[in-house]
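Here is what each chain is made of, one letter per residue.
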Amino acid sequence: MAKHTIIGEALPNIPWEDKPAGSYDVVWRSSKNPVIPRNLIPSSNSIFNSAVVPFKGEFAGVFRCDDRARNMQLHAGRSKDGINWEINNERIQFICDDPEIGKFIYGYDPRVCWIEDRYYVTWCNCYHGPTIGVGYTYDFETFYQLENAFLPFNRNGVLFPRRIKGKYMMLSRPSDNGHTPFGDIFISESPDMIYWGKHRHVMSTVGGWQSTKIGAGPIPIETTEGWLLIYHGVLTSCNGFVYSMGAALLDLDEPWKVIYRCKNYIMSPQALYECVGDVPNVVFPCAALADAPTGRITIYYGGADTVVCMAHTQVDELIDYIKKNSF
């Protein structure tokens, strides 16, 4: 029986596959990949980099669906099993009190985080360049938009699933107005989800697979060993960017402090659906489901900026791997 390392609730219906016999990978791919094809809905050119959460005994999410005019859009979806999805063909229409903030130009790479009484959504939102949009929903039908968290330019806004010392906390990656050949992870806090400050540096790029830029991935998972952060790292090869997946442990009370950080990637683009697509050589994690009693974790990630994929790991095995391979 696995230790109860994850501080959280049971999710007995978590989508899951055991590690294939003979595999030495700490994170292994679902045999059902890609679980969401690029053309699941009539309007989509591609569906990828999307966020999934448990919802009323089933699953719901916010999905990046680039349409056939190549506009970057956010769509809501539901699933009974976390594998077979029904995604709305029309994009989310946020309700916003301020028309200047609520004017939709583009939205992409969403995350969804349950905090207290609602599901908060963060995404890369256009306001004179990319910044972090913030909104919420109670039912994945009606969505409300708040103020943007930061000035442009910023991406990869990822909330923590509870207040820390009474404050909301968000990871982000300051960027530029293009494809950003740089980037570290920072953390900010807020008393009310509107005003963000006390910005602190969390992690920098290092050599190899995470030498160009890094960015937070799924909502951090609270464990007895610290906040488990799964993130992406980018290497600039002679053929362009290569996006891989890594992991670290952050201090529970002061999450800008890194306890352990794995020097190895935990997954890199190797499967065909990760290497071939609109943007080759990309694994981009955006969501993770966790079952506390078993320690099972299922990660949703974008493959080649084209499809949604799923991978699995076990929390104790992953934490042990991080510790044994830490800087």
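Before reading on, note that the structure itself is shown above.
Residues numbered from 1 in each chain as written. Predicted model: local features only at pLDDT ≥ 70, side-chain atom pairs only at ≥ 80, totals over all residues. Heavy atoms only, no water.

Asks: What should I look at first to understand the overall build of the protein in this one?
Replies: Regarding its fold elements, the protein presents three helices and 22 strands. Against the globule reference of 20 Å for 327 residues, the protein gives a C-alpha radius of gyration of 18 Å, in line with a compact fold. C-alpha atoms of the protein, sized along the principal axes, occupy 55 × 45 × 45 Å. Of all 327 residues assigned to the protein, the portion counted as buried reaches 56%. Within the protein, residue pairs in contact and separated by at least 24 positions form 55% of the contacts whose partners lie at least 6 positions apart. Of the roughly 13,500 Å² of accessible surface on the protein, a fraction of 51% belongs to carbon and sulfur atoms. Distance between charge centroids for the protein: 4 Å, based on 30 positive and 35 negative side chains. (Helix = DSSP H or I, 4+ residues; strand = E, 2+ residues; numbered from the N terminus. Rg over C-alpha atoms; globule rule 2.2 N^0.38 Å. Buried < 20%, exposed > 50% of the residue type's maximum accessible area, 1.4 Å probe, protein only. Contact = heavy atoms within 4.5 Å. Areas by Shrake-Rupley, 256 points an atom, 1.4 Å probe, with all protein chains shown as cover. Lys, Arg positive; Asp, Glu negative; His and termini not counted. Charge placed at Lys NZ, Arg CZ, Asp CG, Glu CD.)

Asks: What should I look at first to understand the environment of I132 in this one?
Replies: Note on placement: I132 falls in strand 9 (residues 130-137). Note on I132: relative accessible area 0%, which makes it buried. Expressed as a C-alpha distance, the spacing of I132 and N148, which sit 16 residues apart in the sequence, is 5.6 Å. Excluding its chain neighbours within four sequence positions, the residues that come into contact with I132 are T122, W123, N125, N148, A149, F150, N154, R155, N156, G157 and M170.

Asks: Even after reading the chapter, I still don't get helix 3 (residues 315-324), so can you show me in this structure?
Replies: Taken as a whole, helix 3 has its buried residues at V315, L318, I319 and I322. Projected down its long axis, helix 3 carries its buried residues within an arc of 95 degrees, all on one side. Among the structural elements, strand 16 (221-223), strand 17 (226-237), strand 18 (240-250), strand 19 (258-261), strand 21 (296-303) and strand 22 (307-314) are those in contact with the buried residues of helix 3. Where helix 3 begins, the capping side chain belongs to Q314, and its oxygen is found 2.8 Å from the backbone nitrogen of D316. (Arc of directions from axis to C-beta. Polar contact = N/O pair within 3.5 Å; in protein donor to acceptor, adjacent residues only side chain to side chain.)

Asks: What exactly am I supposed to notice about the sheet that holds strand 13 (residues 185-190) here?
Replies: Sheets are built from strands that pair by backbone hydrogen bonding, the pairs being arranged parallel or antiparallel. If you walk across this open sheet you meet the four strands as 11-12-13-14, and the pairing is antiparallel. Only two strands of the sheet have a single neighbouring strand rather than two, namely strand 11 (154-159) and strand 14 (197-203). Going from strand to strand, the sheet's axes swing by 30 degrees on average, the running direction of each strand aside. As judged from the four bridges shared by strand 11 and strand 12 (residues 168-174), these two strands associate in the antiparallel manner. Residue pairing for strand 12: R155 is matched across the bridge by R173. (Pairing = 2+ DSSP bridges. Axes fitted to C-alpha atoms, helices over the stretch in contact; angles between N-to-C directions.)

Asks: Please clarify how unusual backbone geometry should be interpreted in this entry.
Replies: Only a minority of non-glycine residues have a phi that is not negative, and only a minority of peptide bonds are not trans. Note that the residue after N33, namely P34, is joined by a cis bond; omega there is -10 degrees. Inspection of the secondary structure assignment puts P34 in the loop between strand 1 (28-29) and strand 2 (44-55). One non-glycine residue, N49, adopts positive backbone phi at about 45 degrees. Residue placement: N49 occurs in strand 2. Despite not being glycine, R70 shows a phi value in the positive range, around 70 degrees. With respect to the helices, strands and loops of the structure, R70 is situated in the loop between strand 3 (58-67) and strand 4 (72-79).

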